[in-house]
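# Tertiary structure, described
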Amino acid sequence: MAAPKSSSRGHPGRVLAFIGVVIVALYAIMFSTGDKTPRLGIDLAGGTSVTLTAKADQGRNGAVNKRNMQTAVEIIRQRVNAFGVSEAEVQTEGDKNIVISIPKGKNEKETAEQVGQTAKLFFRPVLEAAPIAPQGGTKLPLTPPSTPPASAPPAAGTPSASTPPAAESNKPQGRVIPNLKDASGAPTPPPSTPPATTPPATPPANTPPAGADANGITPELRAKYADLDCNRPENRGLGSEPIPEDKPTVACSRTQGENAEKYILGPVLIPGTDVSSSKAQLPQNGSVGGWEVELKFSDSGTDKFTRITGDLAQGKYPTNRFAIDLDGVVVSAPSVKAEIPGGSAVISGDFTRTSANDLSNVLKYGALPLSFTKSDVTTVSASLGGDQLRGGLIAGAIGIVLVILYSLFYYRGLGLVSIASLVVSAALTYAIMCLLGRSIGFALNLPAVCGAIAAIGITVDSFIVYFERIRDEIREGRTLRPAVEKAWPRARRTILVSDAVSFLAAAVLYVVSVGKVQGFAFTLGLTTLLDVVVVFLFTKPLMTILARRRFFADGHKWSGLDPVALGANQRQSYRGRRSRGRAAGVKEA
């Protein structure tokens, strides 16, 4: 019976050359990008651990319970992932704590700083704003004019607003526009005659407290505003004291540099929980400009946003700006020129892709059902992880040595094929892990190392299946070359079924698990796929080539394919058939 045809049988050298080219290409990319080592997780390379402690709010959804804590964990995990941090762990600890473990990397400090800003997101009216004097410079006068304009132009560089195309616009660097298909978003030229200013109206909230001016600003609040030094980093982070939702407050902008401002903000107009979605995008409908942020409100938020933007545009507040306040830090303060109905708007301005994504993440993930304080921030040392990694590598090395010794003892010459296949598999695995660190942020943690070590058994098992099928064919009296090709279809099915089961188990484990266990599942699945690649593109064509070599083809006693040692049927054995063929002068097929 003719052996089944295959590319590895007809051109095994080409197949081996192909996988050699792939390996060379992977390592060339590694060295060209500088990714010579895998990215390590927090348990191996160290990183930052942030502990947030929940506190009960005096208001809706304020109970510290399992449901609210789990909701907070999911939102924080989404925020951390949005920063591009891989292998970060977000989990509860006890009844009131959430622990965020951030692996060491380029986004580690930024993420650790911003992940603590998780208490509350609010939309507040801007009652007053002033540029921040540079460090060591002269502070600008903070006393407001006796009659503040109803639509004071924002400081240069701050987001501002324009109405639909028919309305007036200053020449701002940013604006809030309705998210309508016919809104081009381009500001129209200002009118030739400056608009008349009108006296400010009392904010439509509660009656101003005793001693406060018409805008509800008390002397104490103004003194606090005057003393607020936004050049100090601690004034740009999470506030140590809760900010009342129903009272004015002061705040600094998160922006630093020439566009930085400090503000007096009015009571909360819209809670962040009323934002249903947001995304960073390039201008739509053919508009020209930089990045922008689209936000949409829930049903209840839509009504509030429509009413508030109308009030801002009509001069019912000292300025026509509202602030997006995250835990006492203003992340954006755009202006509004007209009422925006429909609950959908676009914040545009001097955004880069990074800053637009950052604002979108704040709007999307900033509001939590609970308030948190950053109770602990610690740097995790990599020394313990280094010891663990060293122990894992030693265990893996011992396992590989035992596999090699067993392969050489049991399979003899065939054991060299196992060793070569393991080397190829290890080379592919290492290169791909190094490159995945840059492309998808994969970080190698201790469970991932364990997954790679466990995969050694899966890889060796595939070789054993194929070798035993070849030996079975020799026991039945076939010579090596037909035995190699005859055994392959039967071994191939078994290998594919076995690897499919392993890969399915790894996929399920990856989906249902979180944190470090996902590293184990990912590595196990990756090495299982590479096992199929190595067996098909290296082990099989290598055996086809070796079957043509006399050492293996003649069944040398050290080849591991000796028919006598395998207990082959002597009447149909390779040596008997070879002798009869020579006597008859016929070359064996």
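Everything discussed here concerns the structure shown above.
What this report covers is the structure whose coordinates are included nearby. (Residues numbered from 1 in each chain as written. Predicted model: local features only at pLDDT ≥ 70, side-chain atom pairs only at ≥ 80, totals over all residues. Heavy atoms only, no water.)

Within the protein chain, the secondary structure is distributed over 16 helices and 14 strands. For the protein chain, buried positions account for 48% of its 589 residues. Look at the contacts in the protein chain between residues 6 or more apart in sequence, and 74% of them connect residues 24 or more apart. Of the roughly 28700 Å² of accessible surface on the protein chain, 58% is carried by carbon and sulfur atoms. (Helix = DSSP H or I, 4+ residues; strand = E, 2+ residues; numbered from the N terminus. Buried < 20%, exposed > 50% of the residue type's maximum accessible area, 1.4 Å probe, protein only. Contact = heavy atoms within 4.5 Å. Areas by Shrake-Rupley, 256 points an atom, 1.4 Å probe, with all protein chains shown as cover.)

Before going further, it helps to examine the packing of aromatic side chains. Under the defined criterion, the tally for this structure stands at 11 aromatic pairs. Between Phe123 and Phe322, the aromatic rings sit 5.8 Å apart at their centres with planes inclined by 50°, giving tilted as the arrangement. Of the two residues, Phe123 sits in strand β4 (residues 121–131) while Phe322 sits in strand β11 (residues 322–326), which places them 199 residues apart along the sequence. Both residues of the pair, Phe123 and Phe322, count as buried. Between Tyr466 and Trp488 the ring centres are 5.2 Å apart and the planes differ by 70°, which places this aromatic pair in the edge-to-face class. Taken together, the residues span a long stretch of sequence, with Tyr466 in helix α11 (residues 446–475) and Trp488 in helix α12 (residues 480–512) at a distance of 22 residues. You'll find Tyr466 and Trp488 in the same group, each marked buried. Clustering of aromatic rings is evident, with ring pairs tying together Phe123, Phe297, Phe305 and Phe322. The ring of Tyr225 is capped by Lys262, whose NZ or CZ atom sits 5.2 Å from the centre of that ring. The ring of Trp558 has Arg412 lying over it, and the distance from NZ or CZ to the ring centre is 4.8 Å. (Phe/Tyr/Trp six-rings, centres within 6.5 Å; stacked < 30°, edge-to-face > 60°. Lys NZ or Arg CZ within 6 Å of the ring centre and 35° of its normal.)

We now examine the nonpolar core. Core analysis: the largest hydrophobic core is formed by 51 residues, its most contacted members being Leu414, Leu428, Tyr466, Ile470, Leu480 and Met543. Setting aside anything within four residues of it in sequence, one finds Met543 in contact with Leu414, Val417, Tyr466, Phe467, Ile470 and Val484. Ranked by size, the runner-up nonpolar core spans 38 residues in total, among them Leu127, Ala130, Cys252 and Val293. (Core = buried A, V, L, I, M, F, W, Y, C linked by side-chain atoms within 4.5 Å.)

Phi at Arg412 is positive, roughly 55°, even though this residue is not glycine. Along the polypeptide, Arg412 turns up in the loop between α9 (382–411) and α10 (413–439).

Another point: the environment of Thr92. Its place among the elements puts Thr92 in strand β2 (residues 89–93). For the pair Thr92 and Leu52, spaced 40 residues apart in sequence, the C-alpha to C-alpha distance is 9.4 Å. Apart from residues lying up to four places away in sequence, Thr92 is in contact with Met69, Val73, Asn97 and Ile98.

On to helix α6 (residues 219–227), then. For α6, the full list of buried residues reads Leu221, Arg222 and Tyr225. Angularly, the buried residues of α6 cover 100° about the axis, an arc narrow enough to put them on a single face. Residues of α6 that are exposed and point more than 90 degrees away from the buried face comprise Glu220 and Asp227. In the core, the buried residues of α6 are packed alongside β4, β6 (249–253) and β7 (261–265). (Arc of directions from axis to C-beta.)

The full count for this structure, using the stated rule, is 1 disulfide. Two residues, Cys230 and Cys252, share a disulfide whose sulfurs are 1.9 Å apart. Disulfide Cys230-Cys252: torsion about the S-S bond near -85°, hence left-handed. With a gap of 22 residues between them, Cys230 in the loop between α6 and β6 and Cys252 in strand β6 connect regions that are remote in the sequence. Take Cys230 and Cys252: they sit in the same class, and that class is buried. (Disulfide = S-S within 2.5 Å.)

Interaxial distance between α11 and helix α13 (residues 516–546) falls to 8 Å at its minimum, and their mutual angle equals 30°. Taken as axis vectors, α11 and α13 run roughly parallel relative to one another. The element α11 and its partner α13 pack so that their crossing is right-handed. Looking at the contact of α11 with α13 residue by residue, the class counts come to 15 nonpolar, 8 polar and 3 charged. (Axes fitted to C-alpha atoms, helices over the stretch in contact; angles between N-to-C directions. Parallel < 35°, antiparallel > 145°, perpendicular 65-115°, else oblique. Left-handed = near helix turned anticlockwise from the far one by under 90°. Nonpolar A, V, L, I, M, F, W, Y, C, P; charged D, E, K, R; others polar.)

Burial of β4 is extensive: 9 of the 11 residues sit out of reach of the surface. Note: β4 against β11, 5 bridges, orientation antiparallel. If you follow Arg124 over to β11, its bridge partner there is Ala323. Sheet topology note: the β4/strand β8 (residues 270–271) ladder contains 2 bridges and is antiparallel. (Pairing = 2+ DSSP bridges.)

It is worth spelling out the environment of Ala112 at this point. Along the chain, Ala112 falls in helix α5 (residues 108–115). Ala112 sits 11 residues away from Ser101 along the chain, and the two C-alpha atoms are 8.9 Å apart.

Below, the discussion takes up the pattern of salt bridges. As enumerated under the stated definition, the model contains 13 salt bridges in all. Here Asp311 makes a salt bridge to Lys316, at a shortest N to O gap of 3.5 Å. For Asp311, a relative accessible area of 11% corresponds to the buried category. With its nearest N and O atoms 2.8 Å apart, the salt bridge here joins Arg475 to Asp472. On the criterion of helical spacing, the pair formed by Arg475 and Asp472 is a turn pair, its members being 3 residues apart in helix α11. (Salt bridge = Lys/Arg side-chain N within 4 Å of Asp/Glu carboxyl O.)

For helix α7 (residues 299–313), spanning 15 residues, the distance from its first C-alpha to its last is 22 Å, which sits close to the expected 21 Å at 1.5 Å a residue. Along α7, the residues classified as buried are Gly301, Thr302, Phe305, Thr306, Ile308, Thr309, Gly310, Asp311 and Leu312. Next to the buried residues of α7 lie β8, β10 (291–297), β11 and β13 (344–351). Looking one or two places after α7, you find Gly315, whose phi comes out positive at around 80°. (Expected span 1.5 Å × (residues − 1).)

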